[in-house]
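A look at the structure
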Amino acid sequence: MNTADLRRDYHRATLIETDVDASPVTQFKRWLGEAVKAELSEPTAMTLATVGEDGLPAARIVLLKGIDAEGFLFFTNYDSRKGRELAANPHAALLFHWVELERQVRVEGEVSKASVAESDAYFASRPRLSRIGAWASPQSDPIPDRGWLEREFSAAQERFAANPDSIPRPPHWGGYRLLPTVVEFWQGRDSRLHDRIRYRREDPDWRIERLAP
Ligand SMILES: Cc1cc2nc3c(=O)[nH]c(=O)nc-3n(C[C@H](O)[C@H](O)[C@H](O)COP(=O)(O)O)c2cc1C
């Protein structure tokens, strides 16, 4: 297989300045709604890029759990690599790629922790075994082997056996919200003449510009 020969054309849709909403949040909700309606697999999966104290970037996928004027909400382990990096440098980027819709959304901004009440509420809504997993897994730390993880999981299950329905949120687990300063919508077009519409925050409004593909 020659990866250089793998290519495709894009022609499903267009993105024109006069069609987009004045708010990138509303525009994002519109596109996310279309991704959900198209029954894409994991439409809320987004790549989260952070920067370490050494100035080097790292990326991984997390799931979007909410979006409003306050930003893009996701949940994770605060002691994980991403948590440590966000504590040292709150600037981050998000990326959505909705392959079948030939769309990409890039988001940049500053991340802050969600409120305790919000993290508690979302944690309580998670399936029981996911809640136990949050206690069992020291996310991003090296561990001896698979057996060690399974023993930690069993130990956590036993710990909460008396009260299986009220598993508290671990203090090291919760939400983050990325407040966007830049949001770019990309729609694939013919001949690589893609549409790129970028919003930049100019409080209280957003400046909308077209970028060359
Ligand atoms: C589809 C998908 C969804 C994921 N969702 C989350 C998530 O919502 N939160 C999370 O902490 N990790 C999630 N992960 C795992 C992360 O990609 C990553 O492995 C983990 O958070 C550790 O990253 P870190 O070591 O950079 O902190 C997901 C992975 C995939 C492939």
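For the structure itself, look to the data block above.
Here is a short report on the structure shown in this document. Note that the structure is a prediction, hence the values are computed from the model and not measured.

Thresholds applied
- Residues numbered from 1 in each chain as written.
- Predicted model: local features only at pLDDT ≥ 70, side-chain atom pairs only at ≥ 80, totals over all residues.
- Helix = DSSP H or I, 4+ residues; strand = E, 2+ residues; numbered from the N terminus.
- Buried ≥ 20, exposed ≤ 12 C-beta atoms within 10 Å, placed from the backbone.
- Contact = placed C-beta atoms within 7 Å.
- Core = buried A, V, L, I, M, F, W, Y, C linked by C-beta atoms within 7 Å.
- Near = placed C-beta within 6 Å.
- Nonpolar A, V, L, I, M, F, W, Y, C, P; charged D, E, K, R; others polar.
- Arc of directions from axis to C-beta.
- Expected span 1.5 Å × (residues − 1).
- Pairing = 2+ DSSP bridges.

The next thing to look at is the environment of Thr76. Mapped onto the fold, Thr76 is located in strand β4 (residues 71-77). Owing to 22 C-beta atoms within 10 Å, Thr76 belongs among the buried residues under this scheme. Between the C-alpha atoms of Thr76 and His11, which are 65 residues apart in sequence, the distance is 36 Å. Leaving out residues up to four positions away in the same chain, Thr76 has contacts with Val62, Lys82, Gly83 and Tyr176.

This part covers the environment of Ala212. One can find Ala212 in the segment after β9 (205-210). Sequence separation of Ala212 and His194 is 18 residues, and the distance between their C-alpha atoms is 8.0 Å.

Ranked by internal contacts, the top residues of the largest apolar core, which has 22 residues, are Leu94, Val105, Val107, Tyr176 and Leu178. Of all elements in the fold, only β1 (45-51), β4, β5 (91-98), β6 (103-113), β7 (173-187) and β8 (195-202) reach the threshold of two or more residues within this core. Among the elements that take part in this core, β7 stands out by supplying five residues, more than any other. Contact partners of Tyr176, with chain neighbours within four places excluded, come to Phe74, Thr76, Leu86, Val111, Lys113 and Ala114. Judged by nonpolar contacts, the second largest core, of six residues, contains Ile132, Trp135, Ala156 and Ile167.

Neighbouring the ligand are 16 residues, the closest being Thr76, Ser80, Arg81, Lys82 and Ser140. Breaking the shell around the ligand down by element, the ones donating at least two residues are β2 (57-63), β4 and α2 (81-88). Broken down by element, the residue count for the shell around the ligand peaks at five residues, all from β2. Of the residues that constitute the shell around the ligand, the class distribution is seven nonpolar, five polar and four charged.

Moving on, we come to α2. All of the buried residues along α2 are Lys82, Gly83, Glu85 and Leu86. All buried residues of α2 lie within an arc of 165° about the axis, which places them on one face of the element. Contact partners of the buried residues in α2: β1, β2, β4, β5, β6 and β7.

Helix length check: helix α1 (residues 24-37) (14 residues) gives 19 Å between terminal C-alpha atoms against 20 Å at 1.5 Å per residue, within 8%. Among the residues of α1, those classed as buried are Pro24, Gln27, Phe28 and Ala35. Seen from one end, α1 has its buried residues packed into an arc of 100°, which puts them on one side. Residues of α1 that are exposed and point more than 90 degrees away from the buried face comprise Thr26, Gly33, Val36 and Lys37. Among the structural elements, β3 (66-68), β5, β6, β7, β8 and β9 are those in contact with the buried residues of α1. Once α1 ends, the next one or two residues include Glu39, with phi positive near 60°.

Before going further, it helps to examine the pairing of β2. Bridge count between β1 and β2: seven bridges; the pairing is antiparallel. Looking across to β2, one finds that Ala49 is bridged to Ala59.

Moving on, we come to the pairing of β5. Bridge count for β1 against β5 is three bridges, and the pairing is antiparallel. Considered in β5, the bridge of Ala49 is made with Ala93. Note: β5 against β6, eight bridges, orientation antiparallel. Residue pairing for β6: His91 is matched across the bridge by Glu110. Between β5 and β6, which pair antiparallel and follow one another directly, the connecting turn spans four residues, one of which, Glu102, has a positive phi of 55°.

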